[in-house]
Amino acid sequence: MLFSRLSRSLLAPLAITLFSGAAVVSARKCSPDNTYDYIVVGSGPGGGVVASNLALAGHTVLLIEAGSDASNEVSTYVNALYYPQKLDLQWSFWAKHHTDPEVEGRYRLLTWVLPNGEFWIGPKSQAPAGAQLKGVWYPRGATLGGSAIVNAMASVLPNDADWDAIAAVAGDNTWNAASMRHVFQTIEKNLYLRPNESTAGHGFDGFLKMGQGDSNYYLSQPGRLALLTQIAEDLTDTQVDQAAILDYLERDANYLGTSRDKAAEPFGLPNHNNNNGRRWTSRDLVKSTVASTSKLTLALESLATKVLFDKSKSTPRARGVEYLEGAGVYGASWQYNATTAPKGRLKRAYARKEVILSGGVFNTPQLLQLSGIGNANLLRSLDIAVLVDLPGVGEGLRDNQELPVAGLSPVNITALPGDPAWGQCTFGAPGDPCLALFQQGTGPYTDPSGNSECAFFKSDHSPDGNRDVITFAPPGVFRGFSPPASNYPFADAPDTMWRSLARMNVQNNYGYVRITSTDPTVPPEINIRQYESPTGGDVDMGAMMDSVAWVRRVFAALPAPYGPIVPTEPPCNAGVNAQGYCNDPEEDRKFIYEQTFGHHPVGTCKIGKKTDPMAVVDSKFRVFGVKDLRVVDASVFPVAPGGFPVLPTFMVGQKGSDAILADA
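Residues numbered from 1 in each chain as written. Predicted model: local features only at pLDDT ≥ 70, side-chain atom pairs only at ≥ 80, totals over all residues. Heavy atoms only, no water.

K.L.:
How do you make sense of the environment of Pro139 when you look at a structure like this?
P.N.:
Residue position: Pro139 is located in strand β6 (residues 132-141). Between the alpha carbons of Pro139 and Arg181 there is a distance of 30 Å; along the sequence they are 42 residues apart. The residues touching Pro139, leaving out its near neighbours within four places in the chain, are Gln90, Trp91 and Phe481. (Helix = DSSP H or I, 4+ residues; strand = E, 2+ residues; numbered from the N terminus. Contact = heavy atoms within 4.5 Å.)

Below, the structure is given as structure tokens:
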């Protein structure tokens, strides 16, 4: 490689020549203290794994992370305390769901800014006078470890058919289901399998700790347990007693078997945690790597602003990264004020071998576009010199459509008295006795959560005949994200029952991420354009309508005392028929279209063959049109991998580092 062949004395005078794309900036010279074998941008499930693996293999690595290290913040590792997450640990992106502003205005969790500076939540028709629209709040992790620090930890492998579809798009069989199962086995440290369950396809010596809840939790939630029993009976067409449902709720959702893609049944919900109440993320891997080797260097509170290239040959080569060092410099920082925000210190670092971008589905395309790689028309409109015309950068955004179905039971859904030890907990306050117990591996905070089960459903609109919707029930009806505000428009009655639906195998790929400024601190424009894809939007809508109807059928079939449940959401003024569909299907269609949300974006730098005009990277994660630049994060997925992309992204991190090391 170029840098390895140049003597140290030649590097300094050549620095400005090689990186003429940013020569207007007065930067530090390329010297041993800011030169590494590899530079990785982003520390989430993709980048954190890549950086650690490269360093553990003996290479020097600089890991650039825009957030800080929040390891001392208990909410980032104690599962019982993770919600609500601290706002300064989340980037506040403001997205759109739809192109039509009138449709967008009917979303029930739109965020507005009142004249006094407070937020207000609700649709346009109810917005107070003088309120200014911010948009749909789309939080992402703004800390070491990325969004895996602030998510719900659900870690379910996608259908095998998803991996096989990726292999076909990439033209590379190392992406098929069998190969990716081996990747999973490499990284997994399974902590939840029961003695009677098969260990086939699982790993027990990897870095990714995987736990699962205890179904006995639901014995204290008799109403929810009754609904789960009805779901199991409906899906399996068998009678299910208490012992059987408790067994279903601990079954391994990630089992290896040819029947798995068709298994529309209840399962336990695996999480990336230690099976004793403690979250596990790439932050743990990064910090253990730093403790074990000097090869990994962290640059925290450092916003990558541009990839630097050597343009002396016909094909540009990535040779470094320009970044702003300083807390709160990015415009997505909580309560960011452009007038008072710190400007940061501009710095550069250089890579002898490669630069790897793992900033995530929003920030990776932003960084590529700022660096001159993207749709040429977009770049020219902002007077950015076009390095490579790759129209797929920032396009093809997919998001798991998510929506709750709720209804009213004849009786209140109250929990039985729980562990009295919870009475002494102060929930993370100084001197919390339960936190002290937690540090010893015991106490209430190690108890399983109420989000530890799932079930799969196959709609009549499944594109490949496999299960295509996952359903689960977080503690309370989850309608989407909204920031702290002067109001909250929902207060569910104590007799409310619910199920959340998340679409798998998402066909809508019409969303985008596009920069609107050459200022790297300005977040990009994000529009999911939900259901708007001319080739897939109607398929997704049909699947969601089928799923809503199925939940209503389950509600209606639930026996007393907890049923039948009267469905209230989505509302259906025309009445619900015996199949669970609204007698006026347009009522359901309109509500689902306007109120669907999501928080699992993928696909904005998709893998593909060189002949695919919308592909951004090849099957080895290499960006087309340049050398020594890769993308390793959830933006590479050309299909939506299951219902929760975090586990597939950890796998991508491992596969990406394997590909990089093979070329080292």
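From this point, the discussion proceeds with the structure in view.
K.L.:
Which parts of the structure should I look at to understand the packing of helix α6 (residues 177-187) against helix α15 (residues 646-662)?
P.N.:
Helix-helix packing: each pair is described by the crossing angle between the helix axes and the interaxial distance. It is at 9 Å that the axes of α6 and α15 come closest, and there the two elements cross at 90 degrees. One finds that α6 runs roughly perpendicular with respect to α15. Together, Met180, Val183, Phe184, Thr186 and Ile187 of α6 and Leu647, Phe650, Met651, Gln654 and Lys655 of α15 make up the contact between the two elements. Class assignment for the residues of the contact of α6 with α15 results in seven nonpolar, two polar and one charged. (Axes fitted to C-alpha atoms, helices over the stretch in contact; angles between N-to-C directions. Parallel < 35°, antiparallel > 145°, perpendicular 65-115°, else oblique. Nonpolar A, V, L, I, M, F, W, Y, C, P; charged D, E, K, R; others polar.)

K.L.:
Help me understand helix α9 (residues 282-292), please; the structure alone is not making it clear to me.
P.N.:
Residues that lie three or four places apart on an α-helix share one face, since the helix turns once every 3.6 residues. For α9, the set of buried residues is Ser282, Arg283, Leu285, Val286 and Thr289. Seen end-on, α9 carries its buried residues on one side only, within an arc spanning 160 degrees. For α9, exposure combined with an orientation more than 90 degrees from the buried face picks out Ala291 and Ser292. Among the residues of α9, the N-terminal cap falls to Thr281, whose side-chain oxygen and the backbone nitrogen of Arg283 are separated by 3.1 Å. (Buried < 20%, exposed > 50% of the residue type's maximum accessible area, 1.4 Å probe, protein only. Arc of directions from axis to C-beta. Polar contact = N/O pair within 3.5 Å; in protein donor to acceptor, adjacent residues only side chain to side chain.)

K.L.:
Whenever I open this one, the state of the cysteines confuses me. Can you help?
P.N.:
Enumeration according to the criterion identifies two disulfides in this entry. The disulfide bridge from Cys425 ends at Cys434, spanning 2.0 Å between sulfur atoms. Disulfide Cys425 to Cys434: torsion about the S-S bond roughly -85 degrees, handedness left-handed. Take Cys434: its relative accessible area is 0%, and that puts it in the buried class. There is a disulfide in this structure between Cys572 and Cys582, and the S-S distance comes to 2.1 Å. Disulfide Cys572 to Cys582: torsion about the S-S bond roughly 90 degrees, handedness right-handed. Pair noted here: Cys572 is in the loop between β23 (566-569) and α14 (585-595) and Cys582 is in the loop between β23 and α14, with a separation of ten residues, a long-range link. Here Cys572 matches Cys582 in class, with each residue buried. The connectivity of the disulfide-linked cysteines in the chain, indexed sequentially, is 1-2, 3-4. (Disulfide = S-S within 2.5 Å.)

K.L.:
What is the right way to read the nonpolar core from this model?
P.N.:
Core analysis: the biggest nonpolar cluster contains 96 residues, and Trp175, Leu357, Leu368, Ile373, Leu629 and Met651 have the highest contact counts within it. Ranked by residue count, the leading element in this core is α15, at seven residues. Setting aside anything within four residues of it in sequence, one finds Trp175 in contact with Trp163, Ile166, Ala167, Ala170, Met180, Ile607, Ser619, Phe621, Val652 and Lys655. In terms of nonpolar packing, the next biggest core, distinct from the first, is built from 34 residues, Leu403, Val469, Met541 and Ile592 among them. (Core = buried A, V, L, I, M, F, W, Y, C linked by side-chain atoms within 4.5 Å.)

K.L.:
Please clarify how the sheet that holds strand β16 (residues 395-399) should be interpreted in this entry.
P.N.:
Strands in a sheet are paired, the pairing made by backbone hydrogen bonds, and the direction either parallel or antiparallel. In spatial order, the strands read β22-β21-β16-β24; together these four strands make up an open sheet with antiparallel pairing. The sheet is open, and its two borders are formed by β22 (525-527) and β24 (601-602), each paired with just one other strand. Bridging between strand β21 (residues 511-514) and β22 involves three bridges; their strand directions are antiparallel. Note that in β22 the partner of Val513 across the bridge is Ile526. (Pairing = 2+ DSSP bridges.)

K.L.:
Would you mind going over the packing of aromatic side chains with me for this structure?
P.N.:
The description of two aromatic rings rests on the distance between their centres and on the angle between their planes. What the rule picks out here adds up to 25 aromatic pairs. With 5.4 Å between their ring centres and 90 degrees between their planes, Trp91 and Tyr330 make a pair best called edge-to-face. Of this pair, Trp91 sits in strand β3 (residues 90-95) while Tyr330 is found in the loop between β12 (317-325) and β13 (345-357), placing the two residues 239 residues apart along the sequence. Overall, the relative accessible area of 9% leaves Trp91 in the buried class. Relative to Tyr445, the ring of Phe427 lies with its centre 6.3 Å away and its plane at 40 degrees, an arrangement referred to as tilted. In this pair, Phe427 is assigned in the loop between β17 (402-408) and α12 (433-439) and Tyr445 in the loop between α12 and β18 (453-457), connecting sequence segments 18 residues apart. (Phe/Tyr/Trp six-rings, centres within 6.5 Å; stacked < 30°, edge-to-face > 60°.)

K.L.:
Please explain unusual backbone geometry as it appears in this structure.
P.N.:
With glycine set apart, most residues show a phi of negative sign, and most peptide bonds adopt trans. Cis peptide bonds are those with omega within 30 degrees of zero, and the linkage from Gly563 to Pro564 qualifies with -5 degrees. With respect to the secondary-structure elements, Pro564 resides in the loop between α13 (537-557) and β23. Following Glu569, the chain continues to Pro570 via a peptide bond in cis, the omega torsion being 0 degrees. For Pro570, the position within the fold is in the loop between β23 and α14. Of note in this structure, Met153 is not a glycine but carries a positive phi near 75 degrees. By the element assignment, Met153 lies in the loop between β6 and α5 (160-170). By relative accessible area, Met153 is classed as buried at 4%. Here Asp383, not a glycine, exhibits a phi torsion of approximately 60 degrees, which is positive. Mapped onto the secondary structure, Asp383 falls in the loop between α11 (376-381) and β15 (388-389).

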